[in-house]
Amino acid sequence: MASDKAYLDYILEQLSECEGITYRAMMGEYIIYCRGKIIGGIYDNRFLIKPVKSAKALMPDGVFELPYEGGSKMLSVSETDDREFLKKLVESMLDDLPEPKKKNNL
């Protein structure tokens, strides 16, 4: 099942206090970036994030879910109404995430 654009818009609005949030549509779902780093995505109208150390520390009782069949488990963000928490979560994740890969310009 593809995610609704309305749910994406809601999550983007909730993340609006975070600097550098962007997204990219991918096969009916949406990948969410912060300052060029992938933090997670919208999958079946669920906001899932990468289970990096800082995210697990802020969500110790977080539920792990598969974004899609064959995917790696991600943390489900249930506190989507709390903008302050989301900002703290996203900003804490940035140091734990790898730098974006450089594209080869052939």
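The structure we're discussing is the one just above.
Just so we're clear, the structure is a prediction, and the values are computed from it rather than from any experiment.

Visitor: Just to check I follow, could you spell out the overall build of the protein chain for this structure?
Guide: If you tally the helices and strands in the protein chain, you get 3 helices and 6 strands. Helices and strands in the protein chain line up, N terminus first, as α-β-β-β-β-α-β-β-α. Computed over the C-alpha atoms, the radius of gyration of the protein chain is 13 Å, within 12% of the 13 Å expected from 2.2 N^0.38 for a compact globule of 106 residues. By its C-alpha atoms, the protein chain is 45 × 30 × 25 Å across when sized along the principal axes. Within the protein chain, buried positions represent 40% of all 106 residues.

Visitor: What am I meant to see in a negative patch on the surface here?
Guide: Where like charges cluster on the molecular surface, the negative patch consists of Glu17, Glu79, Asp81, Asp82 and Glu84. With respect to the element layout, glutamate 79 can be found in the loop between strand E6 (74-76) and helix H3 (83-93). Looking at glutamate 79, the relative accessible area reads 38%, which means it is partly exposed.

Visitor: I would appreciate a short explanation of the nonpolar core in the present structure.
Guide: Side chains that are nonpolar tend, in soluble globular proteins, to be buried together. With 25 residues, the main nonpolar core has Leu15, Ile32, Ile42, Phe47, Ile49, Leu89 and Met93 as its most contacted residues. Those elements that provide at least two residues to this core are helix H1 (5-14), strand E2 (29-34), strand E3 (37-43), strand E4 (46-49) and H3. Those residues in contact with methionine 93 that lie beyond four places of it in its chain are Ile39, Ile49, Lys50, Val52, Ser54 and Ala55. Ranked by size, the runner-up nonpolar core spans 5 residues in total, among them Ile31, Tyr33, Tyr43 and Leu48.

Visitor: I tried to follow unusual backbone geometry on my own but got confused; where do I start?
Guide: Both trends apply: most residues other than glycine have a negative phi, and most peptide bonds are in trans. Within the chain, methionine 27 stands out as a residue other than glycine whose phi angle is a positive 50°. One non-glycine residue, arginine 35, lies in the positive phi region at around 55°. Judged by its relative accessible area of 45%, arginine 35 falls in the partly exposed class.

What counts and what doesn't
Residues numbered from 1 in each chain as written. Predicted model: local features only at pLDDT ≥ 70, side-chain atom pairs only at ≥ 80, totals over all residues. Heavy atoms only, no water. Helix = DSSP H or I, 4+ residues; strand = E, 2+ residues; numbered from the N terminus. Rg over C-alpha atoms; globule rule 2.2 N^0.38 Å. Buried < 20%, exposed > 50% of the residue type's maximum accessible area, 1.4 Å probe, protein only. Patch = residues over 30% accessible without salt bridge, like charges linked within 9 Å, V, L, I, M, F, W, Y side chains within 5 Å. Areas by Shrake-Rupley, 256 points an atom, 1.4 Å probe, with all protein chains shown as cover. Salt bridge = Lys/Arg side-chain N within 4 Å of Asp/Glu carboxyl O. Lys, Arg positive; Asp, Glu negative; His and termini not counted. Charge placed at Lys NZ, Arg CZ, Asp CG, Glu CD. Core = buried A, V, L, I, M, F, W, Y, C linked by side-chain atoms within 4.5 Å. Contact = heavy atoms within 4.5 Å.

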